[in-house]
Amino acid sequence: MNFDDTPQEAAFRETARKWIEANAPKALHAELSKSSLGRIRLANHDIVEVGKAWQKKKFEGNWVCLHWPKEYGGRGATPIERVIWQQEEGVYGKLTQPFQIGEGMCGPTVMAFGSEAAKRRYLPKLASGEEIWCQLFSEPSAGSDVAGLRTRAEKKGDNWVVNGQKIWTSGAHYSDYGLLIARTDPNVPKHKGLTMFFLDMKSPGVEVRPIKQANGMQEFNEVYFTDVVIPDSQRLGAVGEGWSVSLTTLMNERMSIGARLATGLPEMFEFCSNLMLEDGLAIDDPAVRSKLASWAAKSSGLKYTSYRTISALSKGERPGPENSIGKLVSGIMLQDIATYAMDLQGAAGVLTGNDEETVQGQFQQMLLSSPSVRIAGGTDEILRNIIAERVLGLPGDIRVDKDVPYNKIPTKGR
Amino acid sequence: MNFDFSDDQKQLRDQARKFLAEKCSPKAVRVVLDGKAPYDKDLWKGLAEMGFLGVAIPEEFGGAGAGHLELCVIAEEMGRANAPVPFSSTVYLAAEALLIAGSEAQKKKWLPAIASGEAIGTLALFEGKGNPSPKNVKLTAANGVLNGVKKPVPDGAIADFAVVAARTGSSGRDADISLFLVDLKAGGVEVKGLTNLDPTRGQAEITFRDCKAEPLGAAGEGWGILTEVLDRAAVLCAFEQVGGADRALEMGRDYALDRIAFGRPIGSFQAVKHMLADMYVSATLARSNSYYGAWALSTNAAELPEAAAAARISATQAFQHCAKNNIQVHGGMGFTWEFDCHMYYRRANAMALGLGSLSYWEDQLIDRMRKKNAA
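The rules behind these values
- Residues numbered from 1 in each chain as written.
- Chains lettered and ligands numbered in written order.
- Predicted model: local features only at pLDDT ≥ 70, side-chain atom pairs only at ≥ 80, totals over all residues.
- Helix = DSSP H or I, 4+ residues; strand = E, 2+ residues; numbered from the N terminus.
- Rg over C-alpha atoms; globule rule 2.2 N^0.38 Å.
- Buried ≥ 20, exposed ≤ 12 C-beta atoms within 10 Å, placed from the backbone.
- Contact = placed C-beta atoms within 7 Å.
- Nonpolar A, V, L, I, M, F, W, Y, C, P; charged D, E, K, R; others polar.
- Axes fitted to C-alpha atoms, helices over the stretch in contact; angles between N-to-C directions.
- Parallel < 35°, antiparallel > 145°, perpendicular 65-115°, else oblique.
- Left-handed = near helix turned anticlockwise from the far one by under 90°.
- Core = buried A, V, L, I, M, F, W, Y, C linked by C-beta atoms within 7 Å.
- Pairing = 2+ DSSP bridges.
- pLDDT = per-residue confidence, 0-100.
- Expected span 1.5 Å × (residues − 1).

Draft legend 1. Layout of the overall build of chain A. A tally of regular secondary structure across chain A gives 12 helices and 10 strands. Here chain A has a C-alpha radius of gyration of 23 Å; the compact-globule value for 414 residues is 22 Å, and the two agree. Projected onto its principal axes, the C-alpha positions of chain A cover 75 × 55 × 45 Å. Expressed as a percentage of the 414 residues in chain A, the buried residues total 39%. Excluding contacts between residues fewer than 6 apart, the proportion of contacts in chain A whose partners are at least 24 apart in sequence is 68%.

Draft legend 2. Layout of the overall build of chain B. In terms of regular secondary structure, chain B is built from 11 helices and 10 strands. Taken against the 2.2 N^0.38 rule, which gives 21 Å for 375 residues, the C-alpha radius of gyration of chain B at 20 Å falls within 12% of a compact globule. Over its C-alpha atoms, taken along the principal directions, chain B stretches across nearly 75 × 50 × 40 Å. Looking at chain B as a whole, 56% of its 375 residues are labelled buried.

Draft legend 3. Broad picture of the interface of chain B and chain A. Each side of the interface is counted separately: chain B has 40 residues, and chain A has 37 residues. Those elements that provide at least two residues to the side of chain B that touches chain A are α7 (222-258), β10 (264-265), α8 (270-299), α9 (304-330) and α11 (358-374) of chain B. Broken down by element, the residue count for the side of chain B that touches chain A peaks at 17 residues, all from α8 of chain B. Across the side of chain B that touches chain A, the residue classes break down as 22 nonpolar, 11 polar and 7 charged.

Draft legend 4. Examining the packing of helix α4 (residues 79-89) of chain A against helix α9 (residues 286-314) of chain A more closely. All names here are of chain A. For the pair α4 and α9, interaxial distance at closest approach is 8 Å and the crossing angle is 135°. On the basis of the axis angle, α4 is oblique to α9. The interaxial crossing formed by α4 with α9 has left-handed handedness. Here Pro79, Ile80 and Val83 of α4 come into contact with α9, specifically with Ile310, Leu313 and Ser314. Here the contact of α4 with α9 is composed, by residue class, of 5 nonpolar, 1 polar and no charged.

Draft legend 5. Representation of the packing of helix α12 (residues 380-391) of chain A against α8 of chain B within the structure. Axis separation between α12 of chain A and α8 of chain B bottoms out at 8 Å; the angle between their running directions is 85°. When the interaxial angle is binned, α12 of chain A and α8 of chain B end up roughly perpendicular. The segment α12 of chain A lies against α8 of chain B, with Arg384, Asn385, Ile387, Ala388 and Val391 of chain A engaging Gln270, Lys273, His274, Leu276, Ala277 and Tyr280 of chain B. Its residues assigned to classes, the contact of α12 of chain A with α8 of chain B comprises 6 nonpolar, 3 polar and 2 charged.

Draft legend 6. Region of the structure containing the nonpolar core. Residues and elements named next belong to chain B. By size, the foremost hydrophobic cluster in this structure holds 223 residues, and its most contacted members are Ala97, Val164 and Leu276. Here this core gets 19 residues from one element, more than from any other, and that element is α7. Contact partners of Val164, with chain neighbours within four places excluded, come to Ala124, Leu139, Leu146, Lys150, Leu179, Phe180, Val182 and Ala213.

Draft legend 7. Spatial organisation of the pairing of strand β7 (residues 203-212) of chain B. All names here are of chain B. Relative to β7, strand β3 (residues 145-154) runs antiparallel, the two sharing 7 bridges. From the neighbouring strand, Val145 faces β7, where its bridge partner is Lys212. Pairing analysis gives 6 bridges linking strand β6 (residues 189-194) to β7, with the strands arranged antiparallel. By the bridge assignment, Glu190 is partnered in β7 with Thr207.

Draft legend 8. Structural detail: the confidence of the model for chain B. With 100% of its residues at a pLDDT of 70 or more, chain B shows a mean pLDDT of 97. For this predicted complex, the interface confidence score (ipTM) comes to 0.96, while the overall pTM stands at 0.94.

Draft legend 9. Representation of α8 of chain B. All names here are of chain B. For α8, which comprises 30 residues, the first-to-last C-alpha distance of 43 Å matches the rise-based estimate of 44 Å (1.5 Å per residue) to within 8%. Most of α8 is tucked away: 23 of the 30 residues are buried. Positive backbone phi, approximately 50°, marks Asn300, located one or two places after α8.

Draft legend 10. A look at unusual backbone geometry. At the junction of Lys151 of chain B and Pro152 of chain B, the peptide bond is cis and its omega measures out at -5° in the coordinates. Within the secondary structure, Pro152 of chain B is located in strand β3. For Gln360 of chain A, which is not glycine, the phi torsion reads 55° and is therefore positive. Tracing the chain through its elements places Gln360 of chain A in the loop between α10 (326-345) and α11 (362-373). Assessed through the 14 C-beta atoms surrounding it within 10 Å, Gln360 of chain A is described here as partly exposed. Phi at Asp155 of chain B is positive, roughly 55°, even though this residue is not glycine. With respect to the helices and strands, the residue Asp155 of chain B is situated in the loop between β3 and β4 (161-167). Taking the C-beta count within 10 Å as the criterion, Asp155 of chain B has 25 such neighbours and is therefore assigned buried.

Rendered as structure tokens:
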């Protein structure tokens, strides 16, 4: 048991470190180090713009999509090399936010199901950040039950005509391409009538509308499709096989191992270390200490769980299921920490402005944003189902709509 | 990075699991649970023969000289089997104290006897309610004799010797505490068994009356040694707790697959699935924290105090959580004496107190994190 790199890993790390040292946008380091939660906002720069510049530079140095084959813009690196890169990239990795969905989900799907011509045309530009991709899965009536989606694609000659609505699409407003799952046959059970496509987001009939979220921000979009034409050559996988294609996409989403999830613990520890209560520092209060210690143990548990996963990768093994707990633990923790920090602030805790008492409202912002962590990318409940079914081997839910043709499933307002 | 046990260590774990499955069935545990024996003597002998008791004791003192990572994997299996033997008091507490502070003669006398299963040892620290603290140590040592009462002493009624924390000063500082080694069969000692939450591991009250004792480690250094012993034991106990938590989770899962209600396995209901998923989450966090503790323990890393506290908290919470919800998954059957659920519930809650309670370790973790941040 040790935390050391193998000689090959150490050499790789050294190469990566030197390249980053010579090329990273160091002027942004301080600002990137500060913002740990949610979307990155930079005072004087557009994240997409600086992100694209960093992505392009990395692409030229052969440091993007490391695990992809070289001919598609990758480096042909091993999974552990990818993790080492992410560790070394550190806070600059936050600049890759606009590209993560493309790199993590859309790219691998195109790689698995696209034609050779499509792979050569789209993947290198996705990798270099020149073209940004988004993912069009969720709908207002199909979230956890995404297979219940309604957006229709109908075959007209060599094309498909799409009508419907998607929601929760991050980055749709700056994306060039989108990965779209749509219903091509409503007469068969819901999982069997879906097909996967990709489309140009500038196609006529595509309308992107930002969503004003519960936390007051606008980070996601609704995307409306009105008679949008997609050539059949942009279909991924067979007609009616969209569900199994989507599983590839989602599996890749959950493989993002290097990403450290924000828990709120460092912020909370610092806050309690400085907050003066009536009887002294908050961190000297037994009730505060007890909560803080439990959160600290959870946070270190997550950290060392990811180390176990990395170790498996390092040995060339397939990681175990333990990594599936990350978002479930950190989402709840963020929300609990925010609530408790505000409790300690007492009456002033209600303030969300630039107030000294609330450390500029950082926990208030955490409180308002944290519900989305527990919903996006699989709700807490879906994640528990996944653990129960795939890790513990418990039976799946009894699904009353499983063998019913989609258009016979009882629903509200279809 | 290789944050995992080696193939040899995993093989040792499998070997221990197989051995315990055979020699330490729930039926065997119940002999002790029902008060028919104070501990499982045959199992203790078997553990000695397998080399498990002395796995971390150097060869020159009769052990296998393997190391603490090896001891960790065995500890996990001891917890999983709910073994009714004085393993933790003898191996994690007494042997560790001897290894840290014992003189050559003391090590020669007791360590080989521990490894061979001839001697059971324990740590006599607590005096009634309260957590580990120098000010809770009232038993006095003067002129080579001890006077005072220790309780609860784990496995005190079956122990052959004890490491005893005693007051040798009154300055109000840690230096007031010294450790002593007492042969419990030699006189000046009165031992009384106490009923306790987990009858598979006994507790006792030991009264020392002008009892002869030899110093263990230098005078006035007792508290420092004790702190180290408790940290080391915290990691080892965490592995027992992880083993117990995993077993409780498994029992719950198996029952949920087997038990039919409302025409379907109860494991197909989300209320039950989610409870079991949450048990998996806490058991996984505990395992990962314990691995870090194992690394710190086996390398004598400066991170040990913080790692031990985090492992202790995480493993205590996980075992309590899994043992409690295992009963809940079982429903009424889980509340019968006949089902094994309560054995893990008892063990989980007794272990949560043994080295100092959860709140004590939470306090320790915060202190240690602050110290690190300040440094």
